[in-house]
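A closer look at the structure
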Amino acid sequence: MAEAFADIPKIQFEGPESKNPLAFKHYNPTELVEGKTMAEHLRFSVAYWHTFRNGCADPFGGPTRIMPWDDGTDSVENAQNRARVAFEFIEKLGVEFYCFHDRDVAPEGATLSESHANLDAVAKVLKEEQERTGIKLLWGTACLFANPRFMHGASTSPNADVFAFSAAQVAKAMEITHELGGLGYVFWGGREGYKSLLNTDLGRELDHMAKFMQMAVDYKKEIGFTGQFYIEPKPKEPTKHQYDFDSATCHGFLKANGLDKDFKLNIEANHATLAGHTFQHELEFAASVDMLGSVDANRGDSQLGWDTDQFPTDVYDTTAAMLTILKSGGLTTGGLNFDAHVARESVDPVDLFYAHIGGMDAFARGLKAAAAIRADGQIADFVTERYATWDTGIGADIEAGKLGYAELSKYMLEKGESDANISGRVEYLENILNEFI
Ligand code: XUL
Ligand code: CO
């Protein structure tokens with residue numbers, strides 16, 4: 001097969017002084033940071049759907065991207081060829097992982113069994129390419145949102161047959177993920193939500209979603225798949241309200257249904273901002289309940305307010321994210337998956353390289369800055385000091401569960417007034433952060 005990116009060399013680290021746009025300035029895969037290589041920390045992944053299936057159509061116009069390797073048909077042969085091109089790209093970029101939905105790697109057939117057969121035929125090529133290159137599958141997932149059958153939802157559809165279809169589709173996607181040695185499997189609730197409460201039995205839909213997840217956990221055991229399950233929170237889009245609104249909502253849902261030990265969260269930056277949170281807030285909450293699993297690395301646009309899925313280039317954001325990731329012990333089964341697409345006007349194949357290089361360098365800078373902030377220790381020391389009243393005396397006794405309202409009333413009535421508060425020093429801390437960026 002002729003190379004699709006013949007005139008593009010393998011991307012190398014050339015350092016901050018380099019002016020070569022096809023080189024890394026900060027991402028040096030073998031450089032050690034806090035005792036691990038950058039590659040081990042960052043675990044980058046290419047998202048198949050955006051990088052190889054998204055022609056960048058928008059509500060006002062059709063696709064613009066130039067993809068000379070794609071014959072524009074829905075044939076299995078085209079899908080297999082595209083898979084080979086994808087691996088050529090990922091290999092040249094020097095990324096270790098990729099992620100896919102069943103329907104972006106292989107065309108949907110006229111029947112479910114035809115779709116299964118198409119997926120098998122493409123998975124065969126994916127496996128060959130994984131073996132040839134050493135590139136690994138970070139996670140697989142199923143597309144339960146594009147086909148009109150999912151117009152009311154998948155597991156939360158009012159149509160029980162659609163629930164059954166979704167289960168069959170996820171079962172197959174999970175089998176293929178297992179077959180390809182996938183490290184995880186993601187549930188993003190596509191159309192699991194509602195457009196109008198006038199036609200929705202919300203409680204019943206949530207029960208159905210819980211049943212669906214329980215069946216997935218059972219099936220995982222049945223087929224011997226040991227990868228990590230993730231839920232990917234998102235508050236809205238395509239529906240008005242998505243049931244997996246944010247990290248806290250997903251945690252509550254999983255906990256309420258006894259599923260919290262079976263899932264971690266896949267936090268997406270742009271989904272966080274759609275929920276009215278920062279990216280770091282979502283990571284920090286997930287970490288606080290031991291559910292920080294993986295990351296869909298992208299960014300939104302503060303002026304647009306929808307899921308623009310842009311490549312991450314904001315070093316403040318990547319620094320904040322890496323601070324939380326390092327603090328929580330790092331990514332283990334998960335990675336930084338670029339769930340991002342090039343701008344509609346960035347039409348050339350080479351733009352795919354610029355986009356990913358930029359994202360990788362932005363996270364490498366974030367990693368270095370976060371490690372330097374941690375080594376400096378001023379911010380962490382400040383936080384420790386801020387909570388010092390909990391380390392001894394009354395605070396330690398409350399944390400240990402030794403006291404109740406009666407004892408605390410007695411304590412405070414005797415004391416008369418609480419000790420003075422100390423300053424939160426927000427600007428002082430922001431200034432320290434800026435020293436490292
Ligand atoms: C949608 C989204 C998905 C998931 C996988 O907003 O982020 O691509 O990451 O289904
Ligand atoms: Co995503």
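None of these values were measured; they are calculated from a predicted model.

**Observations concerning unusual backbone geometry**
- Residue proline 238 is reached from glutamate 237 by a cis peptide bond, and omega for that bond is 10 degrees.
- You can see proline 238 is positioned in the loop between β10 (228-232) and β11 (241-242).
- For glutamate 34, which is not a glycine, the phi torsion comes out positive at approximately 45 degrees.
- By the element assignment, glutamate 34 lies in the loop between β3 (32-33) and β4 (36-37).
- Look at arginine 43: it is not a glycine, yet its phi comes out positive at around 45 degrees.
- By secondary structure assignment, the location of arginine 43 is in the loop between α1 (38-42) and β5 (44-47).

**Describing the coordination of the cobalt ion (ligand 2)**
- For the cobalt ion (ligand 2), the full set of protein donor atoms is Glu232 (OE), Glu268 (OE), Asp296 (OD) and Asp339 (OD), at a range of 1.9 to 2.2 Å.
- Taken together, the six donor atoms coordinating the cobalt ion (ligand 2) span angles of 80 to 171 degrees at the metal, a pattern that classifies the geometry as octahedral.
- The sequence pattern formed by the donor residues of the cobalt ion (ligand 2) is E-x35-E-x27-D-x42-D. Here the residue aspartate 296 occupies a position in strand β13 (residues 292-296), and aspartate 339 occupies one in the loop between β14 (336-338) and α12 (349-376), the gap between them amounting to 43 residues.
- For aspartate 296, a relative accessible area of 0% translates into the label buried.
- Look at aspartate 339 and you get buried, because its relative accessible area is 6%.

**Describing the nonpolar core**
- Core analysis: the biggest nonpolar cluster contains 99 residues, and Leu42, Tyr98 and Phe187 have the highest contact counts within it.
- Among the elements that line this core, the one with the most residues is α12, at eleven residues.
- Core analysis: the next-biggest nonpolar cluster, separate from the first, contains eight residues, Ala47, Trp49, Phe97 and Cys99 among them.

**Some thoughts on a negative patch on the surface**
- A surface patch of negative charge is lined by Asp376, Asp381, Glu385, Asp391 and Glu399.
- Tracing the sequence through the fold places glutamate 385 in helix α13 (residues 378-386).

**Here we look at the site of ligand 1**
- With respect to spatial proximity, the complete set of residues near ligand 1 consists of Trp49, His101, Trp139, Trp188, Glu232, Lys234, Glu268, His271, Asp296, Asp307 and Asp339.
- Glutamate 232 has a polar side-chain atom sitting 2.7 Å from an oxygen atom of ligand 1.
- Side-chain polar atom of lysine 234 to an oxygen atom of ligand 1: 2.9 Å apart, as the coordinates give it.
- Notes on ligand 1: free accessible area 290 Å², of which the protein chains cover 94%.
- The residue makeup of the shell around ligand 1, split by class, is three nonpolar, two polar and six charged.

**Quick notes on the domain arrangement of the chain**
- Split by domain assignment, the chain resolves into domain 1 (12-376) and domain 2 (391-436).
- Opposite the six residues of domain 1 that make contact, domain 2 presents four residues.
- Roughly 440 Å² of surface becomes buried between domain 1 and domain 2 when both sides are summed, with 74% attributable to carbon and sulfur atoms.
- When residues of domain 1 are sorted by the area they lose upon contact with domain 2, Tyr316, Ile373 and Asp376 head the list and together hold 70% of the total.
- Taken together, the links from domain 1 to domain 2 amount to zero salt bridges.

**Some details on the side chain of aspartate 244**
- On the secondary structure map, aspartate 244 appears in the loop between β11 and α8 (247-256).
- The side chain of aspartate 244 sits in the buried core without any salt bridge; lysine 234 is the nearest counter-charge, 11 Å away.
- Here aspartate 244 is in contact with Gly189, Met209, Ile231, Glu232, Pro233, Lys234, Pro235 and Cys250, once residues within four sequence places are set aside.

**Overview of the side chain of asparagine 266**
- With respect to the helices and strands, asparagine 266 occurs in strand β12 (residues 263-268).
- Of the residues examined, asparagine 266 reaches a relative accessible area of 0% and is grouped as buried.
- At a separation of 2.9 Å, a polar atom in the side chain of asparagine 266 contacts the side chain of glutamate 232.
- A polar atom in the side chain of asparagine 266 sits 3.2 Å from the side chain of aspartate 296.
- Discounting residues that sit within four places of it in the chain, asparagine 266 has contacts with Trp139, Val186, Tyr230, Ile231, Glu232, Pro233, Ser294, Val295 and Asp296.

Rules used throughout
Residues numbered from 1 in each chain as written. Chains lettered and ligands numbered in written order. Predicted model: local features only at pLDDT ≥ 70, side-chain atom pairs only at ≥ 80, totals over all residues. Heavy atoms only, no water. Helix = DSSP H or I, 4+ residues; strand = E, 2+ residues; numbered from the N terminus. Donors = N, O, S within 2.8 Å, 3.2 Å for Na, K, Ca; no water. Tetrahedral: all angles 85-135°; square planar, octahedral: opposite > 155°, others 65-115°. Buried < 20%, exposed > 50% of the residue type's maximum accessible area, 1.4 Å probe, protein only. Core = buried A, V, L, I, M, F, W, Y, C linked by side-chain atoms within 4.5 Å. Patch = residues over 30% accessible without salt bridge, like charges linked within 9 Å, V, L, I, M, F, W, Y side chains within 5 Å. Areas by Shrake-Rupley, 256 points an atom, 1.4 Å probe, with all protein chains shown as cover. Salt bridge = Lys/Arg side-chain N within 4 Å of Asp/Glu carboxyl O. Lys, Arg positive; Asp, Glu negative; His and termini not counted. Charge placed at Lys NZ, Arg CZ, Asp CG, Glu CD. Near = heavy atom within 4 Å. Polar contact = N/O pair within 3.5 Å; in protein donor to acceptor, adjacent residues only side chain to side chain. Nonpolar A, V, L, I, M, F, W, Y, C, P; charged D, E, K, R; others polar. Domains from an automatic or database assignment. Contact = heavy atoms within 4.5 Å. Buried area = accessible area lost by both parts, 1.4 Å probe.

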